[in-house]
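For reference, the chains in residue letters:
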Number of protein chains: 2
Amino acid sequence: MNINVILFPDFETLDVFGPVEVFGKVEKSTINYYSQQGGIISNKDGIRIETQKTDNIKINDVLFIPGGGGIRKEVGNIEFLNKIKSLAEKSRYILTVCTGSALLARTGLLDGKKATSNKRAFDWVKSNSDKVNWIQQARWVIDGKYYTSSGVSAGIDMALGFVSDCLGDEVAEQIAFRVEYNWQRDKLRDDFWKQ
Amino acid sequence: MNINVILFPDFETLDVFGPVEVFGKVEKSTINYYSQQGGIISNKDGIRIETQKTDNIKINDVLFIPGGGGIRKEVGNIEFLNKIKSLAEKSRYILTVCTGSALLARTGLLDGKKATSNKRAFDWVKSNSDKVNWIQQARWVIDGKYYTSSGVSAGIDMALGFVSDCLGDEVAEQIAFRVEYNWQRDKLRDDFWKQ
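Residues numbered from 1 in each chain as written. Chains lettered and ligands numbered in written order. Predicted model: local features only at pLDDT ≥ 70, side-chain atom pairs only at ≥ 80, totals over all residues. Heavy atoms only, no water.

- The name an unreviewed UniProt entry gives chain A is DJ-1/PfpI family protein, with Dysgonomonas alginatilytica as the organism.

Below you can see the structure in the form of structure tokens.
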């Protein structure tokens, strides 16, 4: 399992590193971090992390797109959107967390597909595309090769669900156990959509 | 709230970034990342993050120590232990996640105090000090200014508990809600200790 994590300025910390914790526990997985220009990418939590340029991506297995405050700028970044679209078309799976689905929606690749997003930013997310079948009540949603999750922590549940789908439930259970995480296995249960 | 995050090679990803997600949502919080030598610190999940030297720490408010595979080497790093001890003595609060408590125990500062740690590495953790009152069944443990949590994901619950203790339950609840996290509020409930 080869994971390409896409970063941009002001990404949401746990959107990225919750799922990364899960992916890193999969045997023989490799995780690489990319951004449009490469170099150091920082966010509001004081994190400064090294990335490579998206042009350097060679293996298109799992494309991972987090959300965060910075997404509001990136949905207007045409060059970046074109790159994401091209990468997503080539990738075996595409996973988004939180408002990462808004970015993916802007590429048009979610047109006619089911997807979800952060419950606190749902109206804004929907405003990015009226061609997506936005599902409000879901921890995460699967449509073909596209996995989209609700806000922040939901990414961990989805990552475990993804591992379960790819490698079996036992592998996902073992990872959750090792990281002492109370995995919410039911992707339809959503404690955050109403409020 | 000023958080000094201590990093070392092969730190555990979610040990750090779960709590960081919580701290970053506290108003006017600042989070800085330090290591013994400063510079880029990397781990097995392919993360390469910039840090400053621990010598640069000026404000000693909250000292945060994660765990991870790298701890097994650091418990024998006398210079690092002395630095951690000196920083912990000056800090208002010290929080550890997972095997981070083994490092803190090696400084002697937990002697006679209650503490917990990762449930999969508990025997190894205990072997680092027989003067600590190790509590096996707990999500997190508080003794004076020392907060120690169980493995990996438990750090998120403890971080929310810490915010609740410092700033009130409503602030912690709001943060959990914003990041769509099902907070396990009961620090005595431990689903992972027996197995």
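Notes on the overall build of chain A
- A count of helices and strands for chain A gives 7 helices and 10 strands.
- With the principal axes as the frame, chain A shows a C-alpha extent of 40 × 35 × 35 Å.
- The buried share of chain A, reckoned over its 195 residues, is 61%.
- Pairs at least 24 residues apart make up 65% of the contacts formed inside chain A by residues separated by at least 6 positions.
- If you sum the accessible surface of chain A, you get close to 7,600 Å²; carbon and sulfur atoms cover 44% of it. (Helix = DSSP H or I, 4+ residues; strand = E, 2+ residues; numbered from the N terminus. Buried < 20%, exposed > 50% of the residue type's maximum accessible area, 1.4 Å probe, protein only. Contact = heavy atoms within 4.5 Å. Areas by Shrake-Rupley, 256 points an atom, 1.4 Å probe, with all protein chains shown as cover.)

With respect to the side chain of D143 of chain B
Residues and elements named next belong to chain B.
- Mapped onto the fold, D143 is located in strand β9 (residues 140–143).
- No salt bridge is formed by the buried D143; the nearest opposite charge belongs to K113, separated by 4.5 Å.
- At a separation of 2.9 Å, a polar atom in the side chain of D143 contacts the main-chain amide nitrogen of K114. (Lys, Arg positive; Asp, Glu negative; His and termini not counted. Salt bridge = Lys/Arg side-chain N within 4 Å of Asp/Glu carboxyl O. Polar contact = N/O pair within 3.5 Å; in protein donor to acceptor, adjacent residues only side chain to side chain.)

A few points about the UniProt feature "domain: DJ-1/PfpI" (unreviewed entry) in chain A
- Sites flagged by UniProt as "domain: DJ-1/PfpI" (unreviewed entry) map to residues 2–163 of chain A.
- When the span residues 2–163 of chain A is considered, its composition is 31% helix and 25% strand, and the gap between its end C-alpha atoms is 12 Å. (UniProt positions renumbered as here; feature names shortened; annotations may be inferred.)

Let's talk about the environment of A102 of chain A
Residues and elements named next belong to chain A.
- Relative to the assigned elements, A102 resides in helix α4 (residues 100–106).
- Sequence separation between A102 and S127 is 25 residues, and the spatial gap between their C-alpha atoms is 8.7 Å.
- Those residues in contact with A102, other than ones at most four positions away along the chain, are I71, V75, W124, V125 and N128.

Side note on the environment of I142 of chain A
All names here are of chain A.
- Its location among the elements puts I142 in strand β9 (residues 140–143).
- Linking I142 and S153, residues 11 residues apart in sequence, is a C-alpha distance of 17 Å.
- Discounting residues that sit within four places of it in the chain, I142 has contacts with K114, Y147, D165 and K187.

Some details on unusual backbone geometry
Residue and element names in this part refer to chain B.
- Despite not being glycine, K28 has its phi angle at roughly 60°, a positive value.
- Note on placement: K28 falls in the loop between α1 (13–23) and β2 (30–35).
- In this structure K28 comes out as exposed when scored by relative accessible area, which is 78%.
- Not every positive phi belongs to a glycine, and C98 is a case in point at roughly 60°.

With respect to the relation of the copies chain B and chain A
- Overlaying chain B on chain A yields an RMSD of 0.0 Å, the required transformation being a rotation through 180° with an accompanying axial translation of 0.0 Å. Given the turn and translation reported, the copies of this chain are related as if by a two-fold rotation axis. Rotation axis and chain B: the residue whose C-alpha lies nearest the axis is I49 of chain B, separated from it by 2.2 Å. (Least-squares fit on C-alpha atoms with pLDDT ≥ 70 in both.)

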